Amino acid sequence: MNKGFYMVMAAQALSSVADNALLIAAIGLIADLSGPDWMAPMMKWWFALAYVVLAAFVGAFADSFPKGRVMFATNALKTCGCLLMFSYGAFGLDHGHQLALIFTAYTIVGIGAAAYSPAKYGIVTEMLPPELLVKGNSWIEGLTVLSVIVGTVLGGILISPAVSQWLMSVSWVSTLASNTAQCAILIIGVVYVAAAICNLLIPDTHAYYPRQEKHPAALVRNFVTYVRVLWSDKLGQISLAVTTLFWGAGATLQFIVIEWGAQHLGYRLDQASVLMGVAAFGTVIGAVVAGRVPLRRALSVLPVGVVMGLVVLMMPLVYAPFAVYALLLLIGALSGYFVVPMNALLQHRGHVLLSAGHSIAVQNFNEQLNILLMLAVYSLMLWLGLPINGIIALFGILVACLMLVFIRWNNLNHKANPQLEQMIGQTEHGTALR
């Protein structure tokens, strides 16, 4: 690994920590203003929706400029969203419009995150040779999950009474901030600035792509073509199917764990939130261990996805804290272990067929679309009054069965073309665009 890659990791970790901490601070701000209960989950929904709506455009943007500069520009947009949220009370708005401004501010952060993603993942394929992609992705994915944990915890700490009281005793903080949430947002803004400094220190990889289309209609047409190219590739389609399933299932599992903790274990919200952290920590462990898997052996981890789905079925059977933590740790580790090689393979094929930015945009589009779909289905099941243990059973069976379908699909692809394995590790890029 070179120094530039470590700077990418530092920038990504800081920016992601700030994103997740800002969500907690925004929820605290909504509570202070007595906002409606639906507003917090809707902010998360719109955050994910930005990835889907902007997918046709952010790939071209990421490939038009050095990706370190793209990361800086999009992180600056996130910082503007953070600043706008901090200034919610500075425009003389009434109560309802202040809430709308907070919602808009976090939506701007989501737009910045959607544009940031193709650059942060795309630069990995530019910096690292194919044989190091799995290892590089294990670090990136591990840090991303860890930053979610750290960011969520940081946001909670910053809005806690003891810490906010201490922050208000600091002269420069008390001069700028007037309440607990503003103190938190101010510190989070400092984290965004630190990420921006790391962005500026990322070296130019000197990877250049053909001149990008600028007309919106043409960008959408091209994006549809890119989606078709990646889904048509016999290696890309398997890895794209797996990662799409993983991210949709992972986002849904977060909410399932909270509801399971409340209904099955009788935990309070703060206790159930710890369960999310345990599962996420397991994902970090699995992601790091997966760094040992060679890129050519990436498809060998597919059966682990089946095992993960079956292990989820054990959740309704455990009650003791040790068993609960061990099971969630195992589920997280299995998910981290099988998704990292799949993610690396998908990035590799996307880089070979398309370009770093466009391939990540296609990946984000599919993954975030599935997140929206699976969360909608989960919400529907809750609305229908299904017990959480029944939902868990359906969830685990769905994941296991879909992974079996993907394994069968992959076997048929290799039977039709025994030379597929030799395509892993190619060094060309943009071959489908020529």
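Residues numbered from 1 in each chain as written. Predicted model: local features only at pLDDT ≥ 70, side-chain atom pairs only at ≥ 80, totals over all residues. Heavy atoms only, no water.

Asks: Which residues make up the overall build of the chain, and what values go with them?
Replies: Scanning the chain for helices and strands turns up 16 helices and zero strands. Radius of gyration (C-alpha) of the chain: 22 Å, near the 22 Å computed for a compact globule of 434 residues. A principal-axis box enclosing the C-alpha atoms of the chain has dimensions of 65 × 55 × 40 Å. Looking at the chain as a whole, 55% of its 434 residues qualify as buried. Looking at the chain alone, contacts between residues at least 24 apart form 84% of all its contacts between residues at least 6 apart. (Helix = DSSP H or I, 4+ residues; strand = E, 2+ residues; numbered from the N terminus. Rg over C-alpha atoms; globule rule 2.2 N^0.38 Å. Buried < 20%, exposed > 50% of the residue type's maximum accessible area, 1.4 Å probe, protein only. Contact = heavy atoms within 4.5 Å.)

Asks: Which residues make up the packing of aromatic side chains, and what values do they have?
Replies: Counted under the stated rule, the structure contains six aromatic pairs. A ring pair is formed by F246 and F338, whose centres lie 5.9 Å apart and whose planes are at 90°; its orientation type is edge-to-face. Placement of the pair is F246 in helix 11 (residues 236-263) and F338 in helix 14 (residues 321-353), with a sequence separation of 92 residues. Overall, F246 belongs to the buried group, its relative accessible area being 10%. Between F406 and W409, the aromatic rings sit 6.3 Å apart at their centres with planes inclined by 50°, giving tilted as the arrangement. Of this pair, F406 and W409 both sit in helix 16 (residues 388-416), three residues apart, which is roughly one turn of that helix. Overall, F406 belongs to the buried group, its relative accessible area being 9%. Note on W409: relative accessible area 27%, which makes it partly exposed. Within the aromatic cluster, the residues linked to one another by ring pairs are F47, Y51 and Y106. When the ring centre of Y116 is taken as reference, the NZ or CZ atom of K78 above it lies at 4.4 Å. (Phe/Tyr/Trp six-rings, centres within 6.5 Å; stacked < 30°, edge-to-face > 60°. Lys NZ or Arg CZ within 6 Å of the ring centre and 35° of its normal.)

Asks: Outline the environment of A393, listing residues and values.
Replies: Tracing the sequence through the fold places A393 in helix 16. Take A393: its relative accessible area is 29%, and that puts it in the partly exposed class. Linking A393 and M315, residues 78 residues apart in sequence, is a C-alpha distance of 8.7 Å.

Asks: Can you lay out the packing of helix 11 against helix 14 for me, pointing to particular residues and giving the numbers?
Replies: Relative to each other, helix 11 and helix 14 sit at 155°, their axes nearing to 9 Å. By the angle between their axes, helix 11 is roughly antiparallel relative to helix 14. Helix 11 and helix 14 meet at a crossing whose hand is left-handed. Along its contact with helix 11, which presents G236, S239, L240, V242, T243, F246, L253, V257 and W260, the element helix 14 presents V324, L328, I331, S335, F338, V339, M342, N343, L345, L346 and R349. Residues that form the contact of helix 11 with helix 14 fall into these classes: 14 nonpolar, five polar and one charged. (Axes fitted to C-alpha atoms, helices over the stretch in contact; angles between N-to-C directions. Parallel < 35°, antiparallel > 145°, perpendicular 65-115°, else oblique. Left-handed = near helix turned anticlockwise from the far one by under 90°. Nonpolar A, V, L, I, M, F, W, Y, C, P; charged D, E, K, R; others polar.)

Asks: Could you give an account of the pattern of salt bridges, naming the residues involved and the relevant values?
Replies: In this structure the tally under the stated criterion is two salt bridges. Ionic pairing is found between K78 and D19, a salt bridge with its closest N-O pair at 2.8 Å. Highlighted residues: K78 in helix 4 (residues 67-86) and D19 in helix 1 (residues 3-32), separated in sequence by 59 residues. Among the residues examined, K78 registers a relative accessible area of 2% and is labelled buried. Under the relative-accessibility criterion, D19 is labelled buried at 7%. The salt bridge involving R349 is made with D233; its shortest N-O contact spans 2.9 Å. With R349 in helix 14 and D233 in the loop between helix 10 (216-232) and helix 11, this residue pair connects regions lying 116 residues apart in the sequence. Judged by relative accessible area, R349 falls into the buried class, the value being 2%. Residue class for D233 comes out buried when judged on its relative accessible area of 9%. (Salt bridge = Lys/Arg side-chain N within 4 Å of Asp/Glu carboxyl O.)

Asks: Give a detailed account of helix 14, specifying residues and quantitative values.
Replies: Spanning 33 residues, helix 14 covers 48 Å between terminal C-alpha atoms, matching the ideal 48 Å at 1.5 Å per step. Of all 33 residues that make up helix 14, 24 are buried, and the element is covered over most of its length. (Expected span 1.5 Å × (residues − 1).)

Asks: If you had to explain the side chain of T283 to someone new, which residues and values would you point to?
Replies: The residue T283 is located in helix 12 (residues 269-290) in this model. Contact partners of T283, with chain neighbours within four places excluded, come to V145, G332, A333, S335 and G336.

Asks: I'd love a proper account of the state of the cysteines, names of residues and values included.
Replies: A covalent bond between the sulfur atoms of two cysteines is referred to as a disulfide. Tallying each qualifying case throughout the model produces zero disulfides. No disulfide involves C183; its sulfur sits 13 Å from the nearest other cysteine sulfur, which is in C82. Cysteine C198 shares no disulfide, and the gap to the nearest cysteine sulfur, in C82, comes to 17 Å. (Disulfide = S-S within 2.5 Å.)

Asks: An account of the nonpolar core is requested, with residue identities and associated values reported.
Replies: Grouped together as the largest cluster of nonpolar side chains are 56 residues, with contacts concentrated most on W260, M315, L328, I331 and M403. Ranked by the residues each element gives to this core, the list is headed by helix 14, at 11 residues. Setting aside residues no more than four positions away along its own chain, W260 makes contact with L265, L275, M315, P316, V318, V324, L328, I388, N389 and I392. Counting residues in each nonpolar core, the second largest holds 39 residues, with A21, A25, I30 and F103 among its members. (Core = buried A, V, L, I, M, F, W, Y, C linked by side-chain atoms within 4.5 Å.)

Asks: Describe the packing of helix 10 against helix 11, with residues and values.
Replies: Running from N to C, helix 10 and helix 11 cross one another at 105°; their axes reach a closest spacing of 6 Å. The pairing of helix 10 with helix 11 is recorded here as roughly perpendicular in orientation. Two secondary-structure elements touch here, helix 10 through L230, W231 and S232 and helix 11 through G236, Q237, L240 and A241. Taken together, the residues of the contact of helix 10 with helix 11 break down into four nonpolar, three polar and no charged.

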